[in-house]
Structures are given as C-alpha cells and as structure tokens.
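# Notes for the structure review
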Amino acid sequence: MKLYIAKSAGFCFGVNRAVDIAVKATQKYKKDLYTLGPIIHNPQTVDFLKGLGIKVKGRIEDIKTGTVIFRSHGVSLEELIKAKKKRLRLIDATCPIVKRAQLFAKYLNKHGYFLLIVGDSKHPEVRAIKSYINDNVKVIENIKGLRNLGPWKKLGIVAQTTQSMSLFKEVINKCLEKAEEIRIFNTICHATSLRQKEAIKIAKKTDCMIVIGGYNSGNTQRLVAICREIQPKTYHIESANDLDERWLKGCNKIGITAGASTPSWVINEVATEIRKMRGKDI
Ligand code: F3S
C-alpha cells in the first residue's frame with residue numbers, strides 16, 4: 001500500500017506572492033481593506049484573510065473608500081479605470097506571469113495580429129487579458145471554437161497561464177491551415193505544466209487520485225480532467241471533510257495532487273485523513 005503526494009502540489013510562486021502582499025497590507029492598513037473578487041481561488045485562504053480583516057467585494061462599485069487589492073488573476077481595464085476614478089488606494093497582486101501574458105496580448109494587437117486567447121472565456125484572467133484588446137480578439141475554449149474563424153493574414157496566439165499544453169498545441173496545429181503568418185507566445189505558466197506533468201505520472205501508477213483545490217479553481221479543474229482521463233477513479237475535493245472512505249476501498253496505490261492555490265496545510269490534512277481511513281494499511 002502506498003500514498004503518493006505530488007512534490008509540486010500546492011501554492012505556486014504567484015499565489016504565494018499574492019497572499020504575502022495581502023497579509024502585509026493588513027499590517028499597514030487596518031480598515032477598509034478589500035480584494036476585488038477572491039484573491040486566489042481557494043476558500044480556506046480567503047477565509048484566513050477574512051480573519052485578518054480583508055473583505056471580498058465583487059465589483060468596484062461596492063467599494064466606497066479605502067484600499068483594494070487586485071488578485072493574482074489580474075484586473076480588467078474597466079475595473080482599473082473605475083478604481084482610479086474612485087481614488088481608491090490600489091495594491092496590485094497580479095502574478096507577474098499573468099502580467100506577461102497581458103503584455104504579449106497587447107503587443108500582438110498593437111502590431112496588427114488577430115488575437116486568439118486559448119482559455120476559459122469566463123475566467124477572470126482571460127477576461128482581464130481580453131479587456132486590454134479593443135477588437136480582433138477571440139477566446140478559444142476548445143478546438144470546435146475555431147470552426148467558423150479565419151482565414152487570417154496575421155494571427156497571434158496566447159494562452160491562459162493555467163491552460164493545458166495539449167489544447168494549446170491542438171489549436172496552434174489547426175491554425176496552421178488558417179493563417180499566413182502566426183506569432184505564438186507560450187504564456188502557459190511553468191508551475192502549471194510542472195503540476196500537470198507530475199499529476200499524469202502519479203495518475204498512471206495509482207488506483208485512485210485525489211485532487212485538492214477550490215471547486216472554482218481553473219487549474220485544479222484541469223488537473224482533475226487530466227487525471228481522470230488516465231485514472232477514472234479521480235476525485236476533486238476542497239478539504240479533508242470532502243473525502244469519502246468508499247472511494248479508497250480496494251485501492252493499493254493512492255495519489256494526491258493539488259492546484260496551485262491550495263495551501264500545504266490543507267494537503268497535509270487530507271494525507272493524514274487518508275492514512276487514518278486506511279489504518280496501518282498505508
Ligand atoms: Fe502565476 Fe503561474 Fe501561479 S501564472 S499565479 S505562478 S500558476
């Protein structure tokens with residue numbers, strides 16, 4: 001019996017940085033401190049910050065005065081303009097790798113390329129990237145999305161930082177038939193591809209995969225999908241409370257991985273709970 005825990009599981013550099021910025025802000029500004037949307041897609045961390053006095057607001061309109069922290073996924077141009085107009089104090093916790101994707105998108109747009117963003121159209125990161133581009137932009141969620149698009153003379157492609165490499169490659173391949181010139185910026189974050197590669201490795205050698213992370217976390221959802229393709233017994237949980245002993249029955253090798261916004265203490269709790277459930281089996 002063996003329990004495999006992905007080494008890369010848990011907080012990535014950008015999430016760590018954003019949480020750090022938020023904690024430091026609570027030491028400096030004692031009241032009227034907000035994040036625009038959850039700072040990261042992890043309810044336990046959001047609750048922890050709430051305990052330090054940070055309130056989550058969905059819209060700039062809901063903040064009258066004080067300080068607003070822009071989350072790791074970035075902020076849209078409209079939100080940025082509104083926040084400036086209201087003269088709120090701004091703290092930018094956008095991950096530098098997300099910022100980089102925004103810069104590449106702007107560059108391609110400025111130089112006359114029709115822009116494709118490979119990602120989830122509803123995700124705040126993708127919405128933010130798109131907001132800086134006036135026209136000539138389309139979000140591609142799957143290969144079918146390309147069906148009625150093109151042909152193009154100049155085509156630029158970027159990806160949501162947590163996108164799966166296989167879809168990104170698929171879109172690029174298809175676009176080769178549709179464009180005369182293509183400029184691609186690989187904006188997929190190394191932390192994401194590392195987690196995906198390791199998840200694949202572990203899923204291949206286990207009888208059951210437990211993926212820990214916020215139900216609203218895009219990168220966790222993608223880890224679930226990737227693992228499930230290899231190991232149908234893949235379960236997505238947010239915390240140890242969501243574990244079901246029946247899932248583990250008859251499994252000799254159990255794997256654990258977690259999204260980039262899952263704190264290590266949540267991962268440790270899940271591992272401890274699994275060990276408890278399996279007794280000295282594991
Ligand atoms: Fe940034 Fe990559 Fe994490 S984009 S927020 S370091 S997954």
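I will try to describe carefully the structure that is included in this document. Each chain has its residues counted from 1, following the order in which its sequence is written. Only residues with pLDDT of at least 70 get local features here, since the model is predicted, and only at 80 or more are side-chain atom pairs given and counted; chain-wide, interface and lining totals rely on the full set of residues. Excluded from the side-chain calculation are hydrogens and water; included are all heavy atoms of the structure.

### What about the site of the ligand?
In these notes, residues near a molecule or strand are those with any non-hydrogen atom within 4 Å of it. Lining the immediate surroundings of the ligand are Cys 12, Gly 14, Val 15, Cys 95, Ile 97, Val 98, Thr 161, Cys 189 and Thr 192. When each cavity is represented as a set of grid points, the ligand is found to reside in the second largest pocket. In this text, helices come from DSSP runs of H or I with a minimum length of four residues, and strands from runs of E with a minimum of two, each type numbered from the N-terminal end. Sorting the residues of the shell around the ligand by element identifies helix H1 (13-28) and helix H4 (96-110) as the ones contributing at least two each. When residues are sorted by character, Ala, Val, Leu, Ile, Met, Phe, Trp, Tyr, Cys and Pro go into the nonpolar class, Asp, Glu, Lys and Arg into the charged class, and all the rest, Gly among them, into the polar class. Grouping the constituent residues of the shell around the ligand by class yields six nonpolar, three polar and no charged. Each cavity reported here is a set of points on a 1 Å grid over the protein atoms alone in which a 1.4 Å probe fits but cannot get out, each pocket an open set with protein on both sides within 12 Å along at least five of seven lines, and each lining residue one with an atom within 4 Å of a point. Placement in a cavity or pocket follows one criterion, namely that more than half of the molecule's atoms lie within 2 Å of its grid points.

### Points about helix H2 (residues 43-51)
Buried residues are those whose accessible area, probed at 1.4 Å on protein chains only, stays under 20% of the maximum for their type, while exposed residues exceed 50% and partly exposed ones sit between those limits. If you check which residues of H2 are buried, you get Gln 44, Thr 45, Val 46 and Leu 49. Taken together, the buried residues of H2 touch H1, strand E3 (54-57) and helix H10 (264-278). Where H2 ends, the next residue or the one after it, Gly 53, has phi of about 105°, a positive value. Between two residues, a contact is recorded if the distance between any of their heavy atoms is within 4.5 Å.

### Overview of the layout of surface pockets
A probe matching the size of a water molecule, rolled over the atoms, marks out where space remains unfilled. Of the voids in this model, the largest pocket is the one considered here, and its volume is about 360 Å³. Taken together, 14 residues make up the lining of the largest pocket; nearest its centre are Ser 164, Met 165, Ser 166, Gln 196 and Ile 226. Going through the elements one at a time, helix H6 (165-175), helix H7 (190-205) and helix H8 (218-230) are the ones with two or more residues in the lining of the largest pocket. Tallying contributions element by element places H8 first for the lining of the largest pocket, with five residues. Classifying every residue of the lining of the largest pocket gives six nonpolar, five polar and three charged. When its volume is computed, the second largest pocket comes out at roughly 300 Å³. Every residue lining the second largest pocket is counted, 23 residues in all, and those nearest its centre are Cys 12, Val 15, His 73, Thr 161 and Thr 162. Those elements that place two or more of their residues in the lining of the second largest pocket are H1, H4, H7 and H8. By residue number, the principal contributor to the lining of the second largest pocket is H1, which donates three residues. Grid points are joined across faces, edges and corners, and a volume is the space filled by probe spheres set on the points.

### Here we look at the sheet that holds strand E9 (residues 179-184)
By definition, two strands form a pair when at least two bridges between them are found by DSSP. An order of E7-E6-E8-E9 is seen for the four strands of this open sheet, with the pairing classed as parallel. At either margin of the open sheet sits one strand with a lone partner, and together these are strand E7 (137-140) and E9. For this sheet, the mean angle separating the axes of adjacent strands, direction not counted, is 25°. Bridge count between strand E8 (residues 152-159) and E9: five bridges; the pairing is parallel. Bridged to Leu 155 within E9 is Ile 182. Here the axes come from fitting lines to C-alpha atoms, over the contacting stretch only for helices, and the angles between their N-to-C directions go from 0 to 180 degrees.

### Here we look at the pattern of salt bridges
Here, a salt bridge means any Lys or Arg side-chain nitrogen found within 4 Å of an Asp or Glu carboxyl oxygen. Counted under the stated rule, the structure contains eight salt bridges. Note that Lys 24 is salt-bridged to Asp 20, the shortest N-O span being 3.1 Å. Taken together, the residues span about one helical turn, with Lys 24 and Asp 20 both in helix H1 at a distance of four residues. Two residues, Glu 180 and Lys 153, come together in a salt bridge whose shortest N-O distance is 3.6 Å. Here Lys 153 lies in strand E8 and Glu 180 lies in strand E9, a separation of 27 residues in the sequence. Take Glu 180 and Lys 153: they sit in the same class, and that class is exposed.

### What to know about the sheet that holds strand E5 (residues 89-92)
Strand pairing in a sheet relies on backbone hydrogen bonds, with the paired strands running either antiparallel or parallel. The strand order across the open sheet built from four strands is E3-E2-E4-E5, with neighbouring strands paired in parallel fashion. Because the sheet does not close on itself, it has two edges, and the strands there are E3 and E5. Geometrically, the sheet is characterised by an average inter-axis angle of 30° between neighbouring strands, direction not taken into account. Strand direction decides the pairing type here: strand E2 (residues 33-36) and E3, joined by four bridges, are parallel. Across the sheet, the residue bridging to Thr 35 is Val 56, located in E3.

### Topic: the packing of H7 against H8
It is the contact of H7 with H8, at a shortest axis distance of 9 Å, that shows an interaxial angle of 30°. On the basis of their axis angle, the class for H7 and H8 is roughly parallel. Every pair of crossing elements has a handedness; the one defined by H7 and H8 is right-handed. Packed against H7, whose contacting residues are Arg 195, Gln 196, Ala 199, Ile 200, Ala 203 and Lys 204, the element H8 presents Arg 222, Leu 223, Ile 226, Cys 227 and Ile 230 at the interface. Partitioned by chemical class, the residues of the contact of H7 with H8 number seven nonpolar, one polar and three charged. Roughly parallel covers angles under 35 degrees, roughly antiparallel covers those over 145, roughly perpendicular covers 65 to 115, and oblique covers all other angles. Crossing handedness: left-handed means the near helix sits turned counterclockwise from the far one by under a right angle, and right-handed means the same turn made clockwise.

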